[in-house]
Structures are given as structure tokens and as C-alpha cells.
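Overview (structure and organization)
Each chain, letter by letter, is given below.
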Amino acid sequence: MSNYWPSLTLDAWQATYATLHMWTQIVGKVRLVQTPWINHSWHVPLYLTARGLTTGTIPYGSRVFQIDFDFIDHQLQIATIEGQTQSLELRPCSVADFYQALMASLAALDINIKINTTPNEVADPIPFEQDDTHSAYDAEYANRCWRVLLQSERVFREFRSYFSGKVSPVHFFWGSFDLAVTRFSGKSAPEHPGGVPNLPDAVAKEAYSQEVSSAGFWPGLGLGYPAFYSYAYPTPEGFGEVSVQPKAAFFHESLGEFILPYDSVCEAEEPEQMLLAFLQSTYEAAASLANWDQTALRQTCFK
């Protein structure tokens, strides 16, 4: 645990990543169906804890419950307001078995919930109850991923504190399996075209109904390696031509966003400062080109 920015080579844990993606979707959808809608889908994500990921408190009538992933003892824990608990061991098992076990554990606590079992934001989705394809769980790499997310969240929170305008929490979106923080200019944006795989267009259109500069961490399935990212919506003209920090960062033409490979950060002498430089310089690029009022949006109190 002394290595706070551990290696996270995608090839070493890709199967676990794919399985864990589906497990977090199942747990996230439980929160989704029980939580009132909040703008930009802020009712959807999971949050980092000192041991893993949590739904936070979830209402169930007059009752309240919570589901936590523990990536130290490798347990899924469910707790209710009455003090009742259920736990599942995190170990190699199929998505179908995980889904059935979670629903049975909730039922044992007199919590009966139905979710949409089709995964979101993935191509060729397999309904959870039918998914015997994804079943890997490497405890070491699940722990490493959580540690990277936790360190990233720590830096993202500091970056978030520099902004006085509307800004999202630092949260983990299980649909795309990424940690994100988003700043808003306060101005409306052109209608988003939608087209995200297995996500209603109305959700994407509402999420991007205002101008944003968004940054995050993504373990990299599809990209080929874990990376930090930063993008703007709408993308201002000339965005990809701006020189940003650090030198390892570059603009990915097909993704339309700046990328900073995770390896560059975890191998740096001062990873936090490198990541902050990336977050700040890419935000300034977006805000300058889109004519945001950066002076008014800069947090000056308590600094």
C-alpha cells in the first residue's frame, strides 16, 4: 500500500476490468431506480471511500440502505438503517451469478428492487442475468484500480476547489467506468447529438445542455491504456491546437479530447503537480477559446 500511484497496465487486468464494469453497473442501477433525478445525472454515480466505492445512502420508502464495494477485504457490503447487513465475497464469478446474489441479498433485507438489466454505454451488451462471459476478478488489480481512483479523486478535489461557478462533485460514472469532474460556464450549449451506445439520447442531451469543461480518469478499455482526459462541450475552434501541460499530454483527434497517459503520472517525481498542471492548462484552453468569464469563475476566498 506504500505505492500510492501503482502500475495499472491494461493487459494485466483487462478481464477483471470488464467484469468489474458490469458489477458496478448492477449496483449503480440499484441506486438509479431509487434516487430522484438530479441535473446532469448527478444522482447516478458512485463515490470513492477509504476502502472502495459506495452508493451513498439510498432511500427505500421510509427506510435507507447503502451498498459498498470494499477492495481491501474484497467484500460487497449492504447495510440498512435498522442495522441489518448482508455481504458477498468479491471473487471470480460470472456477472449473472453476481446479479442473482445481490438481488437475493437485498430481498433478504426486505428490499425488493427491479432494475433494467441491459448494460449502458457498451457495445453489444449482454443482459446481466445472461452474462456468463465476464467472470474474472483479480483482487490485486481491483485494489490497484481503486487506489488510482482514490489518488485521482484527491487531486480532482483540489482542482475543483479553484472554481467558484457551478461544478459537479467528483464522482464515478459506472456507465463509462470513469472518474469525472465537470465545470460549467453558466451558458447554454447546442443540443447534443446523442448516439452514445445503449444510452437514451435524452440523457446525453440533458447532461450536455450547458457549456462544460470536463476532466477525468479512465482505465482505458478501448484506448488501450489508462489515461486522464480533458474535453470541452461544445468543442471550441482551435481547441486541439493549444499547447497544454505537461509534455506527455496530447490531443487525441478521434476522441476529440486531451489525453495524459497514466504511466506518465505514476512514474513522475511529483505526480500530483503533473496532474494538476494537465487539469488547469486544458481547462484554461477550453475557457479561453469559449470566452468564459474566468475571472468571475475563479475561486478567491480562503486561497
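Residues numbered from 1 in each chain as written. Predicted model: local features only at pLDDT ≥ 70, side-chain atom pairs only at ≥ 80, totals over all residues. Heavy atoms only, no water.

Under the annotation held in an unreviewed UniProt entry, the chain carries the name Ava_C0101 and related proteins and is attributed to Acaryochloris thomasi RCC1774.

Attention shifts here to the overall build of the chain. The helix and strand inventory of the chain stands at seven helices and twelve strands. Whereas a compact globule of 303 residues would reach a radius of gyration of roughly 19 Å, the chain reaches 19 Å, a difference of no more than 12%. Dimensions of the chain, computed from the C-alpha atoms along their principal axes, are close to 55 × 40 × 40 Å. A buried classification covers 52% of the 303 residues belonging to the chain. For the chain, the separation between the mean place of its 18 positive charges and that of its 33 negative charges on side chains is 7 Å. (Helix = DSSP H or I, 4+ residues; strand = E, 2+ residues; numbered from the N terminus. Rg over C-alpha atoms; globule rule 2.2 N^0.38 Å. Buried < 20%, exposed > 50% of the residue type's maximum accessible area, 1.4 Å probe, protein only. Lys, Arg positive; Asp, Glu negative; His and termini not counted. Charge placed at Lys NZ, Arg CZ, Asp CG, Glu CD.)

Before going further, it helps to examine empty space enclosed by the protein. Following the criterion strictly, the structure yields two cavities of 30 Å³ or more and no others. Approximately 50 Å³ is the volume found for the largest cavity. Lining of the largest cavity is provided by Phe-159, Val-181, Arg-183, Ser-213, Ser-214, Ala-215, Ser-230, Leu-279, Thr-282 and Tyr-283. Among the secondary structure elements, those contributing two or more residues to the lining of the largest cavity are strand 8 (178-188), strand 9 (210-218) and helix 6 (271-289). Partitioned by chemical class, the residues of the lining of the largest cavity number five nonpolar, four polar and one charged. In terms of lining, the second largest cavity is formed by Leu-20, Thr-24, Leu-53, Phe-71, Ala-142, Cys-145, Trp-146, Leu-149, Phe-172 and Phe-177. For the lining of the second largest cavity, the secondary structure elements donating two or more residues are helix 1 (10-34) and helix 3 (139-160). If you tally residues by element for the lining of the second largest cavity, the top one is helix 3, at four residues. For the lining of the second largest cavity, the class distribution of residues is nine nonpolar, one polar and no charged. (1 Å grid on protein atoms, 1.4 Å probe; cavity = no way out; pocket = protein on both sides within 12 Å on 5 of 7 lines; lining within 4 Å. Points joined across faces, edges and corners; volume = space filled by probe spheres on them. Nonpolar A, V, L, I, M, F, W, Y, C, P; charged D, E, K, R; others polar.)

With that settled, the discussion passes to the nonpolar core. In this structure, Phe-65, Phe-98, Leu-102 and Phe-228 are the most contacted members of the largest nonpolar core, which totals 80 residues. Those residues within four positions of Phe-228 in sequence are excluded, and the remaining contacts are Trp-5, Ser-152, Phe-156, Gly-216, Phe-217, Phe-258, Ile-259, Leu-260, Tyr-262, Val-265, Leu-275 and Phe-278. Counting residues in each nonpolar core, the second largest holds six residues, with Ala-180, Leu-223, Tyr-231 and Ile-259 among its members. (Core = buried A, V, L, I, M, F, W, Y, C linked by side-chain atoms within 4.5 Å. Contact = heavy atoms within 4.5 Å.)

What follows concerns the sheet that holds strand 10 (residues 227-233). The six strands are arranged 7-8-9-10-12-11 in an open sheet whose pairing can be described as antiparallel. Each edge of the open sheet carries a strand with a single partner, namely strand 7 (171-173) and strand 11 (250-252). Averaged over neighbouring strand pairs, the angle between their axes works out to 35° when direction is ignored. Alignment of strand 7 against strand 8, held across three bridges, turns out to be antiparallel. By the bridge assignment for strand 8, His-171 is matched with Ala-180. On top of the sheet, helix 6 reaches strand 8, strand 9, strand 10 and strand 12 (257-261); it is set at about 15° to strand 10, its chief contact. (Pairing = 2+ DSSP bridges. Axes fitted to C-alpha atoms, helices over the stretch in contact; angles between N-to-C directions.)

Taken domain by domain, the chain comprises domain 1 (10-130) and domain 2 (151-290). Every contact between the two is made by 28 residues of domain 1 and, on the other side, 31 residues of domain 2. Counting each side, the surface lost to burial between domain 1 and domain 2 is near 2500 Å², with a carbon and sulfur contribution of 67%. Between domain 1 and domain 2 we count zero salt bridges in total. Taken together, the connections running from domain 1 to domain 2 amount to 14 residue pairs in polar contact (both at pLDDT 80 or more). Of all elements in the fold, only helix 1 and strand 1 (47-48) reach the threshold of two or more residues within the side of domain 1 that touches domain 2. The leading source of residues in the side of domain 1 that touches domain 2 is helix 1, at eleven residues. Looking at the side of domain 1 that touches domain 2, its residues break down into 17 nonpolar, nine polar and two charged. (Domains from an automatic or database assignment. Buried area = accessible area lost by both parts, 1.4 Å probe. Salt bridge = Lys/Arg side-chain N within 4 Å of Asp/Glu carboxyl O. Polar contact = N/O pair within 3.5 Å; in protein donor to acceptor, adjacent residues only side chain to side chain.)

The relative placement of two packed helices comes down to the angle between their axes together with the axis-to-axis distance. Relative orientation of the contacting elements helix 3 and helix 6 amounts to 45°, with a least axis distance of 10 Å. As the angle between them shows, helix 3 and helix 6 are arranged oblique. Taken as a pair, helix 3 and helix 6 cross one another with a handedness that is right-handed. Of helix 6, the residues touching helix 3 (which contributes Arg-154, Val-155, Phe-156, Glu-158 and Phe-159) are Glu-272, Leu-275, Leu-276, Leu-279, Gln-280 and Tyr-283. Within the contact of helix 3 with helix 6, the residues separate by chemical class into seven nonpolar, one polar and three charged. (Parallel < 35°, antiparallel > 145°, perpendicular 65-115°, else oblique. Left-handed = near helix turned anticlockwise from the far one by under 90°.)

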